[in-house]
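# A structural walkthrough
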Amino acid sequence: MATMFIIGNRSSIDETRDRGDSVTQEDETVVDSEQGNMLMHIISQLRPGADLSRVTLPTFILEPRSMLERITNFMAHPETLLPMAAIDDPVERFVAVVKFYLSGWHIKPPGVKKPLNPILGETFTCYWDYLDKTKGYYISEQTSHHPPKSSYFFMAPEHHIRIDGTLKPRSKFLGNSAASMMEGIAVMRFLNRKERYFITQPNMYARGILFGKMKYELGDHSFVRCPETGLVADLDFKTKGYFGGTYNAIGGFIKDMKTDKSLYELSGLWNEEMYIKDLTTGKKVLLFDATHAKETPPKTRPLSEQEERESQKLWANVTQAIKQRDQDTATDEKSRIEIMQREEAAKRADEGVDWHPRLFRRVRGGRGGSEEGEEDLDWIINANIDGKTPEEQTKQTLQIAAIIPGQGLQRRFSIPSRKNSRESVPRSQAPSSSNPQTTDDLIDFGENNPPNNFHHEPASMDNYHEHPPGLQQPLQPSGPAGGMTNISLIRKDSETQDVDEFVDAES
C-alpha cells in the first residue's frame, strides 16, 4: 500500500471532505415494516463474521439482472475505453487506464441493490456498436459456485483491447452491515503494445441492514499495475467514518516503481468529480466527471435466440416481476430456479459426474506456464484469439459463442465426464453438471448451474505444455485414447438452422 503524502499544507484528498457529507435519496434504501420483518427473519440466523453465501435474501433488494451482466458496467464508457491503446506516451497511457477504471463505478441502480447470483454454468454475451462503426464483444460464464466465480472475456479488435477477468466475491455479515470482499483480478491487454494491466476491485458494503437507512459504499484499496512499464496506481476507496469523512471519496497515487517516485495524486468522489494532480508541476485537473457521464449499455440478442441458461432468458420471469414490484411472483420464480439447481446438483453427486465450464478453461499458470503471473484469474476463455488482423480476431471471437443477433453457431457439446476423468472439480467448488445449489448474498454474487449440454476440453497438466505458447487453446473436443475418431450426433435446429454436434467426452 502506498503511503499518503501531504502536498503543501493540505492534501487534495482532504478537499473532498468538504463535499459529499450528505447522502442523496438515490443512494439510500428505506426499509418499510414488511421488508424489515423479512430482513430480521434472515439476519436472526446470522452472527457477525458469518458467511452470507448460503442465505436467501428477499427479492426487494435485488437488481433485475445477473452479476454476469452487471460486470459490463466497466465497459460502458467507450469514450474512456477505446482511445487508451492509441496513446503513445506510456505514462499518459497509464493515466488513461486509471481514468477508464474509475469511470464505471457510478453506474448502479438507486438505493442498495445486489445483482442476481449467477447459477453454475450460466452464460451472458453482448456487444457494443461504437460510433466509429467498430464493435466490442463480451462473453461470460459462472465458472464456480462454491466459492462463487464469475469469469468474463472482452474484445475490441480494431482498438487492440482485450480483457480477461474473474470476480470471486466473499460475503460477510458485520452486524448492521454486510460486506462483499471482492477477490479476483482483471487482466487488460493492449495487443499493439504487448502490455498487461492487472486490476483489482474495492470491497462493497451495505450499511444499515438491521436498522436505519440502507446505504451502499465502496471501501478499501485496489490497484492498477502494469509490469511492462513499472507503473502502479494505488487507489483508496474511503468509507465514511462515525465521526468524520465523507461518502464516496477516493484518494491515491500513481507511482513509477522503477524510480520509486510518485507521479500523480488522485482525489474526488467516485460518483461525482475526480481529479488528478501532477506532483511535478502541482497542476490539478479534472480526470472524470461522473455527474454528467452517460453510459453506453451493451446490446444483446433477442430472448427468442437465447438458450435456456443465458442470463436474460434464465431470469426473465424474475426480472420482470422485480421491475413490476411484484415481490410474490419474483420470489416464486426465483425459488423455482433455486430448487432446480439443488435437484440437478444432487443428481450429479449421485451419478458421480464432474462439471466443467463450457466456455472457459483453467489458467496455465505457475513457473513456465504460458499464463504465468495470471493465476488469480483461475479461468480464461477456452479459445485461441491470435488472428493477425481485427477481422480474423472478430471471426475467432464469434466462433466461441453466439453474441450478435441472427448469428449461427456450430456448437460441440461433451457428455460430462465421470469422477475418474483427468481433471476433477472438487465437490466443494461445484456440485455437478446442470444446476447447482443456490443462495443469495447481500451484495455478493455467485452460484452454480451448468447448462445440460456444455462443451468442455479437459485441461490436464500433462498437456499444458504440448501447445505453442499462447493465451488459449483452440476450442475443440478431446480425442479418445488410441486416436480413434469420436462418435458424434448431429442435430440441426429447423428454425434457427444452428447445428449442434454431441460427442463423447474423454474419460
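Structure first, text after, so check above.
Residues numbered from 1 in each chain as written. Predicted model: local features only at pLDDT ≥ 70, side-chain atom pairs only at ≥ 80, totals over all residues. Heavy atoms only, no water.

### Quick notes on helix H5 (residues 90-102)
To keep it simple, the criterion reads: Think of it this way: any DSSP run of H or I at least four residues long counts as a helix, any run of E at least two long counts as a strand, and we number them from the N terminus. In this scheme, a helix's expected span is set at 1.5 Å multiplied by one less than its residue total. Buried means the residue's accessible area, taken with a 1.4 Å probe over protein chains only, is under 20% of the maximum for its type, while exposed means over 50%, and partly exposed covers the values in between. Any N or O atom pair separated by 3.5 Å or less is treated as a polar contact, with the protein-specific requirement of one donor-capable and one acceptor-capable atom, and with residues adjacent in sequence counted only for side-chain atom pairs.
Between its terminal C-alpha atoms H5 stretches 19 Å, which fits the 18 Å expected from 13 residues at 1.5 Å a residue. Listing the buried residues of H5 in full gives Arg93, Phe94, Val95, Ala96, Val97, Val98, Phe100, Tyr101 and Leu102. Measuring from the side-chain oxygen of the N-cap residue of H5 to the backbone nitrogen of Val91 gives 3.1 Å; that N-cap residue is Asp89.

### Let's talk about the pairing of strand S5 (residues 135-144)
Stated precisely, the cut-off is as follows: One requirement defines pairing of two strands: DSSP has to find at least two bridges between them.
The buried count for S5 comes to 9 of 10 residues, which makes it a mostly enclosed element. By the bridge criterion, 7 bridges tie strand S4 (residues 123-129) to S5 in an arrangement that is antiparallel. Opposite Tyr127, over in S5, you have Tyr137 as the bridge partner. Taken together, S4 and the strand that follows it, S5, pair antiparallel across an intervening segment of 5 residues, in which Lys133 is found at a positive phi of about 75 degrees. One ladder, built from 7 bridges, connects S5 with strand S6 (residues 149-156); its direction is antiparallel. In the sheet register, Glu141 faces S6, and the bridge partner there is Ser151. Where S5 hands over to S6, the hairpin turn is made up of 4 residues, counted between the paired strands.

### With respect to a negative patch on the surface
Where we set the bar: To count toward a patch, a residue needs a relative accessible area over 30% and no salt bridge; like charges are then connected within 9 Å, while nonpolar side chains (Val, Leu, Ile, Met, Phe, Trp, Tyr) are connected within 5 Å. Where accessible areas are quoted, they stem from the Shrake-Rupley method and a 1.4 Å probe; at the residue level, only the protein chains shown are allowed to cover. For salt bridges, the criterion is a side-chain nitrogen of Lys or Arg within 4 Å of an Asp or Glu carboxyl oxygen. Charged-residue counts in this description rest on Lys and Arg as positive and Asp and Glu as negative, His and the chain ends being excluded. A charged residue contributes its charge at one atom only: NZ of Lys, CZ of Arg, CG of Asp or CD of Glu.
Together, Asp132, Glu158, Asp386, Glu391 and Glu392 make up a negatively charged patch on the protein surface. By the secondary structure assignment, Asp386 is in the loop between strand S18 (379-381) and helix H9 (390-398).

### Concerning the packing of aromatic side chains
Put simply, the test is: Between 30 and 60 degrees the pair is tilted, below 30 it is stacked and above 60 it is edge-to-face, where a pair is any two Phe, Tyr or Trp rings, Trp via its six-membered ring, whose centres lie within 6.5 Å. Consider the ring centre and the ring normal. A charge sits over the ring if Lys NZ or Arg CZ is within 6 Å of that centre and within 35 degrees of that normal.
Across all of its chains, the model carries 9 aromatic pairs by this definition. Measuring from ring centre to ring centre gives 5.9 Å for Tyr101 and Trp105, while their planes differ by 80 degrees; the resulting arrangement is edge-to-face. Overall, the relative accessible area of 4% leaves Tyr101 in the buried class. With a relative accessible area of 4%, Trp105 lands in the buried category. By way of ring pairs, the aromatic residues Phe74, Tyr101, Trp105 and Phe237 are connected into one cluster. Over the face of the ring belonging to Phe198 we find Arg225, whose NZ or CZ atom lies 4.8 Å from the ring centre.

### Looking at the packing of helix H7 (residues 316-323) against helix H8 (residues 327-351)
As a reminder of what qualifies: Simply put, an axis is a line fit to the C-alpha atoms, just over the touching stretch for a helix, and the angle between two N-to-C directions goes from 0 to 180 degrees. Here is the rule for angles: anything less than 35 degrees is roughly parallel, anything more than 145 is roughly antiparallel, 65 through 115 is roughly perpendicular, and the remaining ranges are oblique. Handedness of a helix crossing follows the sense of rotation of the near helix relative to the far helix, less than a right angle counterclockwise being left-handed and clockwise being right-handed. For this analysis, residues touch if any pair of their heavy atoms sits within 4.5 Å.
One way to put it is that H7 packs onto H8 with a least axis distance of 8 Å and a crossing angle of 160 degrees. Here H8 runs roughly antiparallel to H7, going by the angle between their axes. In terms of crossing hand, the pair formed by H7 and H8 is left-handed. Between H7 and H8, the residues in contact are Asn317, Val318, Ala321 and Ile322 and Thr329, Ala330, Glu333, Lys334, Arg336 and Ile337, respectively.

### Structural notes on the side chain of Arg189
Among the structural elements, Arg189 can be located in strand S8 (residues 177-190). By relative accessible area, Arg189 is classed as buried at 5%. For Arg189, the side chain forms a polar contact with the side chain of Glu374, separated by 2.5 Å.

### Remarks on the pairing of strand S12 (residues 231-238)
With 8 of 8 residues buried, S12 lies mostly within the body of the structure. With burial as the criterion, each face of S12 is covered, one bearing Leu231, Ala233, Leu235 and Phe237 and the other bearing Val232, Asp234, Asp236 and Lys238. Examined bridge by bridge, strand S11 (residues 213-226) and S12 share 7 bridges and lie antiparallel to one another. Paired with Arg225 across the two strands is Val232, which belongs to S12. Taking the residues that link successive antiparallel strands as the turn, the S11-S12 hairpin has 4 residues, and the phi of Gly230 there is positive, at about 80 degrees.

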